[in-house]
Number of protein chains: 2
Amino acid sequence: MYPNTQESQENFGIACKYFREQINLSQEKFALKIGMDRTYYASVEAGKRNTSLQNSQKIADGFEISLSRLFEKVENL
Amino acid sequence: MYPNTQESQENFGIACKYFREQINLSQEKFALKIGMDRTYYASVEAGKRNTSLQNSQKIADGFEISLSRLFEKVENL
């Protein structure tokens, strides 16, 4: 019924990459924009991070979208 | 523009309480249902936890809703 948690982690990364490319920023520039460590953000996109609520909120804010919008994308890849 | 991260943590807790009450389960029974420590879940509802993606997914699965639905509620309290 719902993706298992590892899958949702990977899909979260894919959705982040999608929105980052929409605003034409490199991982490095986007991480800088939201005050997140570049390698940490890269691992989020690689689906390797069990991202926290606060970091997810920071990422969504950086894309200027709501968290519900970001998760809608995660669920509709 | 967007709630600060502490506020989104508190709103996340309020939204969880809302959906839990919709399914008429106590915190204890709901935590048992999703295999989460009762005191941990209680602290999520109290807005004291920077919940991880995987735990948020477990909670949403327990309510049988999507994460985007849960965050829609968070954003429209």
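On a predicted model such as this, the values are computed, not experimentally measured, just so you know. (Residues numbered from 1 in each chain as written. Chains lettered and ligands numbered in written order. Predicted model: local features only at pLDDT ≥ 70, side-chain atom pairs only at ≥ 80, totals over all residues. Heavy atoms only, no water.)

*Asks:* Pulling in residues and values, what's your account of the interface of chain A and chain B?
*Replies:* Chain A puts 23 residues into the contact, and the matching count from chain B is 23 residues. Taken together, the two surfaces of chain A and chain B that pack against each other cover about 2200 Å², and 59% of this comes from carbon and sulfur. At the boundary of chain A and chain B, one finds 0 salt bridges. The tally of links between chain A and chain B comes to 14 residue pairs in polar contact (both at pLDDT 80 or more). If you list the elements that add at least two residues to the side of chain A that touches chain B, you get helix H1 (5-22), helix H4 (53-63) and helix H5 (67-75) of chain A. When grouped by side-chain class, the residues that make up the side of chain A that touches chain B number 8 nonpolar, 11 polar and 4 charged. (Contact = heavy atoms within 4.5 Å. Buried area = accessible area lost by both parts, 1.4 Å probe. Salt bridge = Lys/Arg side-chain N within 4 Å of Asp/Glu carboxyl O. Polar contact = N/O pair within 3.5 Å; in protein donor to acceptor, adjacent residues only side chain to side chain. Helix = DSSP H or I, 4+ residues; strand = E, 2+ residues; numbered from the N terminus. Nonpolar A, V, L, I, M, F, W, Y, C, P; charged D, E, K, R; others polar.)

*Asks:* Explain the packing of aromatic side chains residue by residue, including any values.
*Replies:* The full count for this structure, using the stated rule, is 11 aromatic pairs over all chains. Consider the rings of Phe-71 of chain A and Phe-71 of chain B, whose centres lie 5.0 Å apart with planes at 5 degrees: the pair is stacked. Of this pair, Phe-71 of chain A sits in helix H5 while Phe-71 of chain B sits in helix H5 (residues 67-75), each in a different chain. Of the two residues, Phe-71 of chain A and Phe-71 of chain B, both sit in the buried class. Through successive ring pairs, a cluster of aromatic residues spans Tyr-18, Phe-19, Phe-30, Tyr-41 and Phe-63 of chain A. In this structure, Lys-73 of chain A is placed above the aromatic ring of Tyr-18 of chain A, and the distance from its NZ or CZ to the ring centre is 3.8 Å. (Phe/Tyr/Trp six-rings, centres within 6.5 Å; stacked < 30°, edge-to-face > 60°. Buried < 20%, exposed > 50% of the residue type's maximum accessible area, 1.4 Å probe, protein only. Lys NZ or Arg CZ within 6 Å of the ring centre and 35° of its normal.)

*Asks:* Please provide a residue-by-residue account of the UniProt feature "domain: HTH cro/C1-type" (unreviewed entry) in chain A, values included.
*Replies:* The residues that UniProt annotates with the feature "domain: HTH cro/C1-type" (unreviewed entry) are residues 17-70 of chain A. When the span residues 17-70 of chain A is considered, its composition is 69% helix and 0% strand, and the gap between its end C-alpha atoms is 11 Å. (UniProt positions renumbered as here; feature names shortened; annotations may be inferred.)

*Asks:* How would you summarise the pattern of salt bridges if you had to cite specific residues and measurements?
*Replies:* All names here are of chain A. Inspection of every chain in the model, using the stated rule, returns 8 salt bridges over all chains. Of the charged contacts in the structure, one is a salt bridge between Glu-72 and Arg-69, with a shortest N-O distance of 3.7 Å. Of the two residues, Glu-72 and Arg-69 both sit in helix H5, 3 residues apart, roughly one turn of that helix. In this structure Arg-69 comes out as partly exposed when scored by relative accessible area, which is 32%.

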